[in-house]
Each structure stands twice: as structure tokens, then as C-alpha cells.
Amino acid sequence: LDPGRGAPPVPWLRTIRLAARDDFRADALRALLDSPVAERVRVLDLNGVGVENAGAEVIAAATHLTGLEELDLTNGFVGVAGAAALAGARHLSNLR
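Remember, predicted model here, so these are calculated numbers, not experimental data. (Residues numbered from 1 in each chain as written. Predicted model: local features only at pLDDT ≥ 70, side-chain atom pairs only at ≥ 80, totals over all residues. Heavy atoms only, no water.)

Structural notes on the environment of Arg-90
- In this fold, Arg-90 is placed in the segment after α3 (80-87).
- On the accessibility criterion, Arg-90 (77% relative accessible area) is exposed.
- Sequence separation between Arg-90 and Ala-60 is 30 residues; the distance between their C-alpha atoms is 8.6 Å. (Helix = DSSP H or I, 4+ residues; strand = E, 2+ residues; numbered from the N terminus. Buried < 20%, exposed > 50% of the residue type's maximum accessible area, 1.4 Å probe, protein only.)

So, in C-alpha cells, the structure goes:
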């Protein structure tokens, strides 16, 4: 399933959990989150992925993630800029 190439909606997909990585790429996360694959995601677990500010800003810009309830950025090295972007993202108001 290639989310960047017109992937079909996957209505049963509720959780995305990525393995810890040293080679995180914000553009790859953007392609995944902007695809129909992520439309109904409730849990986004990026624990240990190292998303940093760039990844947090991608999540903040993914305005269709209105149903997101859980976001794990543990060990993601998100700084002030990334935290501010997430805090200002109105579409993430369902986060617990």
C-alpha cells in the first residue's frame, strides 16, 4: 500500500504506529497523513520516531485528522516551535 500514490480510503484503519527510526523524513509523514489511508485514524503513535519540530508541524497542518484522539510523540524531540504548532491546531481538539 503506497499512501503517496492515490491509495484508496481504508475505513477500518484506526491506528498508525510507526517503529522507532533514526531516518525520519517529514515529507514521508506528510505523504502518509495527506493520503486517504489516514482519514479515519484515531491513534497516531510515533514514539521513538524522532519527529522533531518538522514532524509536529506536519501533524499540525494535517487538517483532516479531526478524529485524532491519541498522539504519542514520546522521545520525538519536539521543541517549542513544534509544540506551539500542535497547540494551535484547532482540528486536533479531540486529543486526550
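Focus on the nonpolar core
- The biggest cluster of nonpolar side chains holds 24 residues, and the ones touching the most others in it are Ile-16, Leu-33, Leu-44, Leu-46, Ile-59 and Leu-86.
- At the level of secondary structure, the elements contributing two or more residues to this core comprise α1 (26-33) and α2 (52-61).
- Setting aside anything within four residues of it in sequence, one finds Leu-46 in contact with Leu-18, Leu-29, Val-51, Ile-59, Asp-72, Leu-73 and Thr-74. (Core = buried A, V, L, I, M, F, W, Y, C linked by side-chain atoms within 4.5 Å. Contact = heavy atoms within 4.5 Å.)

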